[in-house]
Amino acid sequence: MPSLLLLAGDGIGPEVMAATERVIDFFNRRGAGFELQRALVGGAAVDAEGDPVSDETLAIGESVDAMLFGAVGGPQYDGLPYEKRPEAGLLRLRKHFELFANIRPAICYPALADASSLKREVVEGLDIVILRELTGGVYFGEPKTIEDIGNGQKRAIDTQIYDTYEIDRIARAAFELARARNGRVTSMEKRNVMKTGVLWREVVEAAHKDGNEDVKLDHMLADSGAMQLVRDPKQFDVIVCDNLFGDLLSDIAAQLTGSLGMLPSASLGAVDSKTGRRRALYEPVHGSAPDIAGKGIANPIAMIASFGMALQYSFGMITEAKALDAAIAATLAEGLRTADIAHGAKAISTDEMTDAILGNLEKAL
Ligand code: NAD
């Protein structure tokens, strides 16, 4: 039986997770057989268990096919030491399960094209993916220090490090992903000024030659890639890049699509040799939105679409994933909007948006 661990978290996390559970129930009524377990994460886990993610929760994570994560954080936790902060729970999950590949699709539903800061014709129908290396590079490299060098001067050092295996595995994940889409990968780095860029390109090329030549591979310098991303984003299919460039480029891509409440993501790890399953955590890009928590007005689409990614990448349920995406598009095409995407027009609640998506899902299958 397919199994999921639901980690709802804080703020609007439980609200959008409840909406997603209704979608999971829908598929279960049609025989999908998802087995669900639930655990606390983030501030909720700090309050009840003393840690933002407990060892027991990690153990449950080990036993399931995939994890769905809502959002964590809130102003009441801002004063806690770093390792007790809700966000540390998410970092611990990523590290524990070695989730090195972060997939962020940027999809622009036609009904929302006017919410983008770019012209409708540039973004309408956009469907690209940014694949970001998530566990290496300059955010983790040592030394990472600020030192006093005398004469009132300080020196800050961050270290960008990549080993062959880290580049190889993300490159192969990019080819795998592209094969299930439109068969094109654009690798971005700064080989003109960075040694990691030189190695990045070399290893991506080697991984391409080693059984992946059915996928078309291009290279771009990351600065020029950023420019191309806002000039003509539809030219891309899968963009693969390191942790730092991926952080920047995926936020640019997010802005192309309108609202934070619309964006799903997946973080994937290695295939477990015992179970044959790829470690996976699916989560909306947005945070816990304390400003609207408890009001029942959060947009559930990013969380529901994150479950859609789980259908696609963890469970191979491609027909169902496509139907769910079509149901979201149809709901938006009917003009239904939660407050974050209503732009002053009439807004509906989280429950009403979920009802509408379920209604359209019924029609789509
Ligand atoms: P946020 O994403 O929570 O909210 C930013 C703005 O977008 C807010 O106005 C919010 O109301 C709105 N918004 C976000 N998601 C929405 C949705 N689904 N529907 C409607 N509106 C939505 O970011 P923030 O305000 O910078 O952070 C709030 C808290 O969330 C902080 O504690 C932060 O550390 C945490 N955070 C957590 C994650 C995560 O869990 N992955 C990610 C980002 C921020």
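Residues numbered from 1 in each chain as written. Predicted model: local features only at pLDDT ≥ 70, side-chain atom pairs only at ≥ 80, totals over all residues. Heavy atoms only, no water.

### Thoughts on the environment of alanine 270
Following the sequence through the fold, alanine 270 ends up in strand β11 (residues 264-271). Accessibility expressed as a relative area gives 42% for alanine 270, which makes it partly exposed. Here the alpha-carbon distance between alanine 270 and alanine 59, two residues 211 residues apart in the chain, equals 17 Å. If we skip the residues at most four places from it in the chain, alanine 270 touches Glu98, Phe100, Arg277, Arg278 and Arg279. (Helix = DSSP H or I, 4+ residues; strand = E, 2+ residues; numbered from the N terminus. Buried < 20%, exposed > 50% of the residue type's maximum accessible area, 1.4 Å probe, protein only. Contact = heavy atoms within 4.5 Å.)

### Structural notes on the domain arrangement of the chain
Accessible area lost upon the coming together of the parts is a frequently used measure of interface size. What the domain assignment reports for the chain is domain 1 (1-108 + 260-365) and domain 2 (117-257). On a C-alpha basis, the centroid separation for the pair domain 1 and domain 2 is 25 Å. Taken together, the 16 residues of domain 1 in the interface contact 23 residues of domain 2. Considering only the surface of domain 1 that becomes buried against domain 2, Phe100, Arg104 and Cys108 emerge as the three largest contributors, covering 38% of it. For the interface between domain 1 and domain 2, the tally reads 3 salt bridges. Two residues, glutamate 98 and arginine 169, come together in a salt bridge whose shortest N-O distance is 3.0 Å. Our count for the contact surface shared by domain 1 and domain 2 stands at 10 residue pairs in polar contact (both at pLDDT 80 or more). At 7 residues, the largest contribution of residues to the side of domain 1 that touches domain 2 is made by strand β4 (residues 101-107). Considered class by class, the residues forming the side of domain 1 that touches domain 2 number 10 nonpolar, 2 polar and 4 charged. (Domains from an automatic or database assignment. Buried area = accessible area lost by both parts, 1.4 Å probe. Salt bridge = Lys/Arg side-chain N within 4 Å of Asp/Glu carboxyl O. Polar contact = N/O pair within 3.5 Å; in protein donor to acceptor, adjacent residues only side chain to side chain. Nonpolar A, V, L, I, M, F, W, Y, C, P; charged D, E, K, R; others polar.)

### So, the nonpolar core
By size, the foremost hydrophobic cluster in this structure holds 68 residues, and its most contacted members are Phe34, Leu68, Leu131 and Phe307. Here this core spans two domains, and each of domain 1 (1-108 + 260-365) and domain 2 (117-257) adds at least three residues to it. If you look at the next biggest cluster of nonpolar residues, it comprises 18 residues, including Ala113, Val123, Leu126 and Ile130. (Core = buried A, V, L, I, M, F, W, Y, C linked by side-chain atoms within 4.5 Å.)

### Re the pattern of salt bridges
Applying the stated criterion across every chain, the model contains 27 salt bridges. For glutamate 362, the salt bridge goes to arginine 30, with nearest N and O atoms at 3.1 Å. Taken as a pair, glutamate 362 in helix α13 (residues 350-364) and arginine 30 in the loop between α1 (13-29) and β2 (35-39) lie far apart in primary sequence, 332 residues in all. Accessibility expressed as a relative area gives 45% for arginine 30, which makes it partly exposed. In this structure, aspartate 168 engages arginine 172 in a salt bridge whose closest nitrogen and oxygen atoms are separated by 3.0 Å. One end of the pair, aspartate 168, and the other, arginine 172, are both in helix α6 (residues 164-179), 4 residues apart, so they sit about a helical turn from each other. Classification of aspartate 168 by relative accessible area gives partly exposed; the value is 23%.

### A closer look at helix α7 (residues 195-209)
Spanning 15 residues, α7 covers 22 Å between terminal C-alpha atoms, matching the ideal 21 Å at 1.5 Å per step. Within α7, burial applies to Thr196, Gly197, Trp200, Val203, Val204, Ala207 and His208. Down the axis of α7, the smallest arc covering the buried residues is 140°, so these residues share one side. Opposite the packed face of α7, turned more than 90 degrees from it, sit the exposed residues Lys195, Glu202 and Lys209. Phi turns positive one or two residues past the end of α7, at glycine 211, with a value near 90°. (Expected span 1.5 Å × (residues − 1). Arc of directions from axis to C-beta.)

### Digging into the packing of aromatic side chains
As enumerated under the stated definition, the model contains 5 aromatic pairs in all. Centroid distance phenylalanine 26 to phenylalanine 27: 5.5 Å. Interplanar angle 90°. Geometry classified as edge-to-face. Under the relative-accessibility criterion, phenylalanine 27 is labelled buried at 2%. On the basis of an interplanar angle of 75° and a centroid distance of 5.6 Å, the ring pair of tyrosine 162 and tryptophan 200 is categorised as edge-to-face. Of this pair, tyrosine 162 sits in the loop between β7 (153-157) and α6 while tryptophan 200 sits in helix α7, and the two are 38 residues apart along the sequence. Owing to a relative accessible area of 6%, tyrosine 162 belongs among the buried residues under this scheme. With a relative accessible area of 2%, tryptophan 200 lands in the buried category. One aromatic cluster is present, built from ring pairs that chain together Phe26, Phe27, Phe34, Phe307 and Phe315. The residue whose ring lies beneath arginine 169 is phenylalanine 100, and the NZ or CZ to ring-centre distance is 4.2 Å. (Phe/Tyr/Trp six-rings, centres within 6.5 Å; stacked < 30°, edge-to-face > 60°. Lys NZ or Arg CZ within 6 Å of the ring centre and 35° of its normal.)

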